[in-house]
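As a plain string of letters, each chain reads:
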Amino acid sequence: MQATGTPASSQDVSNCTQRSVAKSHELPYGSSYESPWMNAELHAFRSTARKFIHTEFAPRQARWREQRYPDADAWMQAGKAGILLPDIPREFGGGGGTFAHEAVVLEELARAGVYFGASTQNAVAHYIFAYGSEQQKRSWLPRMARGELVGAVAMTEPLAGSDLQSIKTTAHRVGDRYVLNGMKMFVTDGFHAKIICVASKTGNGSAGPKGISLVMVEADDLHGYRVGQPLEKVGMNQQDTCEMYFDDVRVPASNLLGTAEGKGFSQMMEQLSYERLSVAVGAIAVVERAVALTTQYAKERTVFGKSLMDYQNTRFKLAECKTQAHVGRVFLDDCIERFLTDSLDDVTSAMAKCWLTDAQCRILDECLQLHGGYGYLVDYPIARMWADSRVQRIYAGTNEIMKELIAWSL
Ligand SMILES: Cc1cc2nc3c(=O)[nH]c(=O)nc-3n(C[C@H](O)[C@H](O)[C@H](O)COP(=O)(O)OP(=O)(O)OC[C@H]3O[C@@H](n4cnc5c(N)ncnc54)[C@H](O)[C@@H]3O)c2cc1C
């Protein structure tokens, strides 16, 4: 906030100016504000991640969209570039950083319009890191960090989305194995997934949260396991979303996540907070890019003999969008800082997911409108950004469910 505040003295003016000059050359979209959690090491990491994403992934987006999944080799490339599992400790193959490193990767991917499921990979790694045994961590995390093993989270079912307690997939213990039966819906990264965190009913199938466990499925050449073709979505088609089928799939009993059955629901609730913050990070990155692109478009486009920017409506709309983007950024940065010090509560992360993704869709719609008919053409980045944004209000818990969570705290 400092660089945008009103200085109280000439000394403050000088300090503000120096801060702005020192930082603005690093900032992507002309803002003088810098996230307080950024530092020199994160700038260097951002620069490497940005270069890799722009050189290696951005040019392949059209093909990925067409085929509806990222190229298989993208995972190993991303692993080599160091953008997978950046906040998992080095002893398990990760980057040894913090959530700030993950936020940098998510921002750079979102700004480049590149989607390939990196945040899902990281989410799976965090389930394993938080609840896995030493052996599970050593077996799966290094391979996930290298991109050799792609992860997916399979919670949703056709009749159980928001209401996760209603899942029907079962994992019955038979000797030293779990036998899984059921179907999962909307699994991100499902197409290439080789390690899947499956929410299942265990034990005597008792109803409610205590009957749910997370069972890890290693899906390489596994009898009874099948994944459907990537679903055709409104946006984000370069990142696959699949159905999964488990017919008498047998996995070692040691693949249970956690020390006992019945902990799956509370594990999901704990980890969803991380996922929601990740969604919020992507939301603001997209919004900032949209406002910058639309501002540039409005300055270049002529209507009735004048620049589109010369109309008060355009300036006011963009002023509103920029203000909302900045308010959102400051709120998000506060959430990130609190997360980094382990003091972000579930209610605030639900607020961030809900408010920032609602703002994202609202602002993207205004930005598209300012592009006129061109905003509806997929060749214009704003059109794709608008379509890609819509799902943000739906996954990782719908925004209505976020409001329920927030309301419970009233
Ligand atoms: C692109 C994409 C990727 C996804 N990735 C994954 C993934 O990797 N893994 C995974 O497990 N799932 C994934 N999902 C699923 C996603 O999490 C669910 O779609 C979401 O939780 C909503 O469930 P649903 O679709 O069954 O909608 P429903 O639960 O049927 O909801 C329908 C509507 O009812 C509203 N509603 C529901 N309950 C309430 C309530 N109590 N009060 C008020 N309103 C309510 C909802 O907000 C929504 O508007 C993905 C979905 C998409 C579209």
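Numbering of residues starts from 1 in each chain and follows the order in which that chain's sequence is written. The predicted origin of the model limits local features to residues at a pLDDT of at least 70 and limits the giving and counting of side-chain atom pairs to 80 or more, whereas totals for whole chains, interfaces and linings rest on all residues. Where side-chain values are given, they derive from all heavy atoms of the structure, hydrogens and water being excluded.

Draft legend 1. Structural detail: the overall build of the protein. Segments assigned H or I by DSSP are reported as helices when at least four residues long, segments assigned E as strands when at least two residues long, and all are numbered from the N terminus. Within the protein one finds 12 helices and nine strands. In terms of C-alpha radius of gyration, the protein reaches 22 Å, essentially the compact-globule figure of 22 Å for 410 residues. Per-residue accessibility, obtained with a 1.4 Å probe over protein chains only, is compared with the maximum for each type, and a residue is labelled buried under 20%, exposed over 50%, and partly exposed between these values. Across the 410 residues of the protein, 51% fall into the buried class. Residue pairs in contact within the protein that sit at least 24 positions apart in sequence constitute 72% of those at least 6 positions apart. This radius of gyration counts C-alpha atoms alone. The globule rule is 2.2 Å times how many residues there are, raised to the power 0.38. When checking whether two residues touch, look at their non-hydrogen atoms; a contact exists if any pair is within 4.5 Å.

Draft legend 2. A look at the pattern of salt bridges. Any carboxyl oxygen of Asp or Glu that lies within 4 Å of a side-chain nitrogen of Lys or Arg is treated as forming a salt bridge with it. For the structure on display, the rule yields 23 salt bridges. Where Arg 60 meets Asp 73, a salt bridge forms, and the shortest distance between an N and an O atom there is 2.7 Å. On the criterion of sequence distance, the pair formed by Arg 60 in the loop between α2 (40–57) and α3 (61–67) and Asp 73 in helix α4 (residues 73–81) is long-range, its members being 13 residues apart. Residue class for Arg 60 comes out buried when judged on its relative accessible area of 14%. With a relative accessible area of 43%, Asp 73 lands in the partly exposed category. Ionic pairing is found between Arg 138 and Glu 134, a salt bridge with its closest N-O pair at 2.8 Å. Here Arg 138 pairs with Glu 134, and both are found in helix α7 (residues 134–145), just four residues apart, close to one helical turn. For Glu 134, a relative accessible area of 43% corresponds to the partly exposed category. Via salt bridges that share partners, Arg 46, Arg 50, Glu 107, Glu 108, Arg 111, Glu 288, Arg 329 and Asp 333 belong to a single interconnected network.

Draft legend 3. View of the packing of helix α10 (residues 346–370) against helix α11 (residues 381–389). Between the N-to-C directions of two axes lies an angle of 0 to 180 degrees, each axis being a line fitted to C-alpha atoms and, for a helix, fitted only over the stretch in contact. Closest axis-to-axis distance for the α10/α11 pair is 9 Å, and the angle between their directions is 155°. Between α10 and α11, the interaxial angle falls into the category roughly antiparallel. Along this stretch, α10 crosses α11, giving a crossing that reads as left-handed. For the pair α10 and α11, the contacting residues are Gln 360, Cys 361, Leu 364, Asp 365, Cys 367 and Leu 368 in the first and Ile 382, Ala 383, Met 385, Trp 386 and Ser 389 in the second. Classification convention: Asp, Glu, Lys, Arg as charged; Ala, Val, Leu, Ile, Met, Phe, Trp, Tyr, Cys, Pro as nonpolar; all other residues, Gly among them, as polar. When grouped by side-chain class, the residues that make up the contact of α10 with α11 number eight nonpolar, two polar and one charged. Comment on the angle field: the value is read as roughly parallel under 35 degrees, roughly antiparallel over 145, roughly perpendicular from 65 to 115, and oblique elsewhere. Each crossing is labelled by how the near helix is turned from the far one, with a counterclockwise turn of less than a right angle marking it left-handed and a clockwise turn marking it right-handed.

Draft legend 4. View of the nonpolar core. Each nonpolar core is a collection of buried residues, namely Ala, Val, Leu, Ile, Met, Phe, Trp, Tyr and Cys, held together in the definition by side-chain atoms within 4.5 Å. If you look at the biggest cluster of nonpolar residues, it comprises 65 residues, and the most contacted ones within it are Phe 116, Tyr 127, Met 144 and Met 268. Contacts of Met 268, omitting those with residues within four sequence positions, involve Tyr 127, Met 155, Leu 164, Ala 199, Ile 212 and Leu 214. Counting 20 residues, the second largest nonpolar core, distinct from the first, contains Ala 154, Ile 196, Ala 219 and Val 251.

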